[in-house]
Amino acid sequence: MDKKKKRLMMRTSILIIIVVALGYTIYASIFNESKVVESGDEAPNFHLQTLDGEEVQLSDYKGKGVFLNFWATYCPPCKEEMPYMDNQYEEFKEKGVEILAVNVGEPLLTTQKFVQRYDLSFPILMDEREEVYKAYGVKPIPTTFLIDKDGKVIDRVTKGLTEEEVKQMMERIVP
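Draft legend 1. Summary view of the packing of helix H2 (residues 76–92) against helix H5 (residues 163–172). Between H2 and H5, the least distance of the axes is 9 Å, while the angle of their chain directions is 35 degrees. Between H2 and H5 the crossing geometry is right-handed. The residues of H5 that touch H2, namely those facing Tyr84, Met85, Asn87, Gln88, Tyr89 and Phe92, are Glu163, Val166, Lys167, Met170 and Glu171. Tallied by class, the residues present in the contact of H2 with H5 amount to 6 nonpolar, 2 polar and 3 charged.

Draft legend 2. H5, seen in detail. By the burial criterion, the buried members of H5 are Val166, Met169 and Met170. Considered in projection along H5, the buried side chains sweep an arc of 100 degrees and stay on one side of the axis. Considering only its buried residues, H5 is in contact with strand S3 (65–71), H2, strand S4 (97–104), strand S6 (143–147) and strand S7 (153–157).

Draft legend 3. Geometry of the sheet that holds S3. Taken in spatial order, the 7 strands line up as S2-S1-S5-S4-S3-S6-S7 in an open sheet, and their pairing is mixed. Two strands bound the open sheet, and with one partner strand each, they are strand S2 (55–57) and S7. Recorded for the sheet is a direction-independent mean angle of 30 degrees between the axes of neighbouring strands. Alignment of strand S1 (residues 47–50) against strand S5 (residues 124–127), held across 2 bridges, turns out to be antiparallel. Along S5, the bridge assignment pairs Gln49 with Met126. With respect to the sheet, helix H3 (residues 108–118) is in contact with S3, S4 and S5, its orientation differing from that of S5 by roughly 160 degrees.

Draft legend 4. Inspection of H2 at higher detail. Here H2 is 17 residues long and its end C-alpha atoms lie 25 Å apart, about the 24 Å a rise of 1.5 Å per residue gives. Its axis deflected by about 25 degrees at Met82, H2 carries its strongest bend there, up to four residues before the proline Pro83. What H2 keeps buried is the set Cys78, Glu81, Met82, Met85, Asp86, Gln88, Tyr89 and Phe92. Buried residues in H2 make contact with S3, S4, H3 and H5.

Draft legend 5. Local environment of a negative patch on the surface. Together, Asp52, Glu54, Glu55 and Asp60 make up a region of like negative charge exposed at the surface. Mapped onto the fold, Asp52 is located in the loop between S1 and S2.

Draft legend 6. Spatial organisation of the state of the cysteines. A complete count under the given rule lists 1 disulfide for this structure. Each sulfur of the disulfide joining Cys75 and Cys78 lies 2.4 Å from the other. Every disulfide takes its handedness from the sign of the S-S torsion; for Cys75 and Cys78 that torsion is 80 degrees, giving right-handed. Residue Cys75 is classed as buried on the basis of its relative accessible area of 5%.

Cut-offs applied
Residues numbered from 1 in each chain as written. Predicted model: local features only at pLDDT ≥ 70, side-chain atom pairs only at ≥ 80, totals over all residues. Heavy atoms only, no water. Axes fitted to C-alpha atoms, helices over the stretch in contact; angles between N-to-C directions. Helix = DSSP H or I, 4+ residues; strand = E, 2+ residues; numbered from the N terminus. Left-handed = near helix turned anticlockwise from the far one by under 90°. Contact = heavy atoms within 4.5 Å. Nonpolar A, V, L, I, M, F, W, Y, C, P; charged D, E, K, R; others polar. Buried < 20%, exposed > 50% of the residue type's maximum accessible area, 1.4 Å probe, protein only. Arc of directions from axis to C-beta. Pairing = 2+ DSSP bridges. Expected span 1.5 Å × (residues − 1). Bend = angle between axes of the 7 residues up to and from the residue. Patch = residues over 30% accessible without salt bridge, like charges linked within 9 Å, V, L, I, M, F, W, Y side chains within 5 Å. Areas by Shrake-Rupley, 256 points an atom, 1.4 Å probe, with all protein chains shown as cover. Salt bridge = Lys/Arg side-chain N within 4 Å of Asp/Glu carboxyl O. Lys, Arg positive; Asp, Glu negative; His and termini not counted. Charge placed at Lys NZ, Arg CZ, Asp CG, Glu CD. Disulfide = S-S within 2.5 Å.

Okay, here's the thing in structure tokens:
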């Protein structure tokens, strides 16, 4: 085979690979099974472990308002809002509001160091395989879901929060 035919075959092979990859990407994005949880939806139940190894499920909190926050240690808005959440948790836990802060995709040690650095007192749940993150259709991080005492999502917020916003959101889910 001469050089021109080899070059043509190589270019054709590369083009076929690119077209197949592009086709798969389009197919996967159109037929993706993950549902985005929105206001008015029943909050999907889940089972995760806390930093202490205790198994927790969302249904354990029926009758309480739940401030469900998805976060990561590398996220600047998360670093900013976590102390605000902790301050408000101290006030609202006595009123029947629980914070469940779901760390997404990070190792236990990384998360433990973050929690110690910020001296957080609310439950931190570990979603290392990102199963709950995907089940809720979370994008971007941080994302917070407000869940009422009956397990219904009343709001979905996809941004970092000020302390005043955290307080107002918690007031909305007091049972």
